[in-house]
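What follows is each chain in one-letter form.
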Amino acid sequence: MNSWKEFIALESSKDYYQKLKQIVDSDYEKETIYPPKEYIFNAFKYCPLDKVKVIILGQDPYHGQGQAHGLSFSVNKGIGLPPSLRNIYGELQTDINFSNPGHGDLTEWAKQGVLLLNDVLTVKAGQAASHQKLGWEQFTENVISFLSNEKDGLVFMLWGNHAFKKGKNIDRLKHLVLTSGHPSPMSANQGKWFGNKHFSQANNYLIQHGKTPINWQLSF
């Protein structure tokens, strides 16, 4: 399989996905769902299958107005930084001398090969976790299994218990799996996030495997 388009077409022919699509489509018609429908698959659009080097696993899309645009942890320009992203930037500053660009749009990472994948790809406005257990989890589980089986030398960043469980079947002999607490304030303030040095570790691993490292610094 050479493209996400093929992968998504295959998944969308399966029963679980047909049921998921029915519910999600109906919700989009009746109420406000994030991200906007045309952004649901942005993680795949901006990070083509043949470019994937790093996978950063999130949980749910942001459920506030104008925030979510289909990339985990990322928000549209002009929107204030959510607390988790602020802590990600804090770790980047100490790890690789990153400067806060004044926005939270991580599209530049995606275009370099960072798959910013949420476990669940849609959410009802103002209702966290409202589209969990509809079938998205199976879809993203299949994405992770596919990458683990078909690719070599990828870096998976798993932050927090939810991500640990999600990544339990990744082949650790073929890939680097980095784990730490979640960057959310509760976990970060307990000392489980800062100092994990995941960004420099990822780049060192990519270089060792003959790949171009990620330029984590975002444009201002």
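Just so you know, these numbers come straight off a predicted model, no measurement behind them.

A. Representation of the pattern of salt bridges. Within this structure, the stated rule accounts for six salt bridges. Each of Lys21, Asp25 and Lys37 takes part in a single network of salt bridges with overlapping partners.

B. A look at empty space enclosed by the protein. Throughout the structure, instances matching the rule amount to one cavity of 30 Å³ or more. The space that makes up the largest cavity amounts to roughly 40 Å³. For the lining of the largest cavity, the secondary structure elements donating two or more residues are β2 (54–58) and α7 (161–166). Residue composition of the lining of the largest cavity, by class: three nonpolar, four polar and no charged.

C. Main features of the sheet that holds strand β5 (residues 155–159). Ordered in space as β3-β2-β5-β6, the four strands form an open sheet in which the pairing is parallel. Strands at the two margins of the open sheet, each flanked by one partner only, are β3 (114–118) and β6 (176–180). In this sheet, adjacent strand axes meet at a mean angle of 20 degrees when their direction is disregarded. As defined by bridge partners, β5 adjoins β6 across five bridges and the pair is classed as parallel. Looking at the pairing, Phe156 lines up with Val177 of β6. Set on the sheet, helix α6 (residues 136–150) makes contact with β2, β3 and β5; between it and β3 the angle comes to about 150 degrees. Contacts between helix α9 (residues 198–208) and the sheet are confined to β2, β5 and β6, with β5 contributing the most and set at about 165 degrees to the helix.

D. Just the layout of surface pockets, in detail. By volume, the largest pocket amounts to about 500 Å³. As for the largest pocket, its lining consists of 27 residues, and the residues nearest its centre are Gln59, Asp60, Pro61, Tyr62 and His182. Across the lining of the largest pocket, the residue classes tally to 12 nonpolar, 14 polar and one charged. Considered as a void within the structure, the second largest pocket measures approximately 160 Å³ in volume. Lining the second largest pocket are Gly160, Asn161, Phe164, Gly181, His182, Ser184, Met186, Ser187, Gln190 and Lys192. Mapped by element, the contributors of at least two residues to the lining of the second largest pocket are α7 and α8 (185–189). Considering only residue class, the lining of the second largest pocket consists of two nonpolar, seven polar and one charged.

E. Up close: the pairing of β2. Most of β2 is tucked away: five of the five residues are buried. Residue alternation in β2 divides its side chains into two sets, Val54, Ile56 and Gly58 and Ile55 and Leu57, and both sets are buried. Here five bridges tie β2 to β3, and the two strands are oriented parallel to one another. Within β3, the position partnered with Val54 by the bridge is Val114. Across four bridges, β2 lies against β5 in parallel orientation. Looking at β5, one finds that Ile55 is bridged to Phe156.

F. Structural context of the UniProt feature "active site" (unreviewed entry) in the chain. In the numbering adopted here, UniProt assigns the feature "active site" (unreviewed entry) to Asp60. Residue classification places Asp60 among the buried residues on the basis of a relative accessible area of 17%. The contacts of Asp60, once residues within four sequence positions are left out, are Asn118, Val120, Val123, Ala128, Ala129, Ser130 and Gln132. At a separation of 2.8 Å, a polar atom in the side chain of Asp60 contacts the main-chain amide nitrogen of Ala129.

G. View of the side chain of Thr107. With respect to the helices and strands, Thr107 occurs in helix α5 (residues 107–111). In contact with Thr107, other than residues within four places in its own chain, are Tyr46, His69 and Leu71.

H. Layout of the UniProt feature "domain: Uracil-DNA glycosylase-like" (unreviewed entry) in the chain. Here, UniProt's "domain: Uracil-DNA glycosylase-like" (unreviewed entry) annotation points to residues 45–206. Strand forms 14% of residues 45–206 and helix 35%; the C-alpha atoms that close the span are 22 Å apart.

I. Looking closely at the packing of aromatic side chains. With the rule as written, the count across this model stands at 20 aromatic pairs. A centroid spacing of 5.2 Å and a plane angle of 45 degrees characterise the contact between Phe7 and Phe146, whose relative ring orientation is tilted. Of the two residues, Phe7 sits in helix α1 (residues 4–12) while Phe146 sits in helix α6, which places them 139 residues apart along the sequence. One aromatic cluster is present, built from ring pairs that chain together Trp4, Phe7, Tyr16, Tyr17, Phe41, Phe44, Trp136, Phe139 and Phe146.

The rules behind each value
- Residues numbered from 1 in each chain as written.
- Predicted model: local features only at pLDDT ≥ 70, side-chain atom pairs only at ≥ 80, totals over all residues.
- Heavy atoms only, no water.
- Salt bridge = Lys/Arg side-chain N within 4 Å of Asp/Glu carboxyl O.
- 1 Å grid on protein atoms, 1.4 Å probe; cavity = no way out; pocket = protein on both sides within 12 Å on 5 of 7 lines; lining within 4 Å.
- Points joined across faces, edges and corners; volume = space filled by probe spheres on them.
- Helix = DSSP H or I, 4+ residues; strand = E, 2+ residues; numbered from the N terminus.
- Nonpolar A, V, L, I, M, F, W, Y, C, P; charged D, E, K, R; others polar.
- Pairing = 2+ DSSP bridges.
- Axes fitted to C-alpha atoms, helices over the stretch in contact; angles between N-to-C directions.
- Contact = heavy atoms within 4.5 Å.
- Buried < 20%, exposed > 50% of the residue type's maximum accessible area, 1.4 Å probe, protein only.
- UniProt positions renumbered as here; feature names shortened; annotations may be inferred.
- Polar contact = N/O pair within 3.5 Å; in protein donor to acceptor, adjacent residues only side chain to side chain.
- Phe/Tyr/Trp six-rings, centres within 6.5 Å; stacked < 30°, edge-to-face > 60°.

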